[in-house]
Amino acid sequence: MLIKFKSSYEKIAMGLLAYMPDEKNVKKLQQTIKKYEDDDRWQLYLWKEAEDIVGLVGVSLLENETYQLNHISVNPSFREEGIGKKMITCLKKIYKGNVVPSVQTTLFFVKCENEKGRE
Ligand SMILES: CC(C)(COP(=O)(O)OP(=O)(O)OC[C@H]1O[C@@H](n2cnc3c(N)ncnc32)[C@H](O)[C@@H]1OP(=O)(O)O)[C@@H](O)C(=O)NCCC(=O)NCCS
């Protein structure tokens, strides 16, 4: 289940964000989380599996009214179980298909798109 980020989840969200290759630096991580907290155009969601928060997706609203997937990560203990794909499906439902990848998320996003095309 995809839930909206709130500040009480800040630490777990930072832990998940840190799995993104370009978010290894603590300063950068803090800036990113602040952006999601302060800027209404930036929206962060967490994936809850039973009682555990194990995944994260974050988007930002672009000028052309599409939402760019900036961040996607899953706790390594829960990978390869389809959670990444489910998060993208849910995000597309929330934003009515209006989601595009960023440079950092394009590989996984395109993989999901290609699989959808084959279904
Ligand atoms: C990418 C990520 C979110 C996938 O989460 P997940 O829950 O394991 O994904 P799913 O179980 O839904 O899908 C697994 C499939 O995605 C593939 N995959 C994993 N990481 C991938 C990546 N970076 N690019 C493309 N495909 C990837 C797996 O090989 C697997 O393929 P298969 O279905 O053909 O076996 C997770 O690996 C992660 O957190 N990575 C670190 C953060 C990151 O690099 N994010 C940017 C990704 S572009």
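Reading guide: rules and limits
All residue numbers here refer to positions counted from 1 along the written sequence of the relevant chain. Where totals are concerned, whole chains, interfaces and linings use all residues; where local detail is concerned, this predicted model gives features only for residues with pLDDT of at least 70, and gives and counts side-chain atom pairs only at 80 or more. Side-chain numbers come from the whole structure's heavy atoms, not from hydrogens or water. Distances are taken per atom, and a residue is near a molecule or strand as soon as one of its heavy atoms is within 4 Å of it. Here a polar contact is recorded for every N or O atom pair within 3.5 Å, except that within protein the pair must consist of a potential hydrogen donor and a potential acceptor, and residues adjacent in sequence are included only if both atoms are side-chain atoms. Helix numbering and strand numbering both begin at the N terminus, where a helix is a DSSP run of H or I of at least 4 residues and a strand a DSSP run of E of at least 2. Under this grouping Gly is polar, as are all residues other than the nonpolar Ala, Val, Leu, Ile, Met, Phe, Trp, Tyr, Cys and Pro and the charged Asp, Glu, Lys and Arg. Take a side-chain nitrogen of Lys or Arg and a carboxyl oxygen of Asp or Glu: if they are within 4 Å of each other, that pair is a salt bridge. Buried means the residue's accessible area, taken with a 1.4 Å probe over protein chains only, is under 20% of the maximum for its type, while exposed means over 50%, and partly exposed covers the values in between.

Asks: Please explain the site of the ligand as it appears in this structure.
Replies: Close to the ligand lie 18 residues; Val74, Glu80, Gly82, Lys85 and Lys111 are nearest. Glutamate 80 has a polar backbone atom sitting 2.8 Å from an oxygen atom of the ligand. Secondary structure elements with two or more residues in the shell around the ligand: β4 (67-74), α3 (83-94) and α4 (106-118). Looking at the shell around the ligand residue by residue, the classes come out as eight nonpolar, five polar and five charged.

Asks: It is not clear to me how the pattern of salt bridges should be interpreted in this structure. Could you clarify?
Replies: Pairs may arise between side chains of opposite charge once their charged atoms sit close together. Inspection of the entire model under this criterion finds eight salt bridges. A salt bridge links lysine 28 to aspartate 22; the shortest N-O distance between them is 3.9 Å. On the basis of relative accessibility, which here comes to 27%, the residue aspartate 22 falls in the partly exposed class. Residue aspartate 39 pairs with arginine 41 through a salt bridge whose shortest N-O separation is 3.0 Å. When salt bridges that share partners are traced, they join Asp22, Glu23 and Lys28 into one network.

That is the geometry; function is a separate question.
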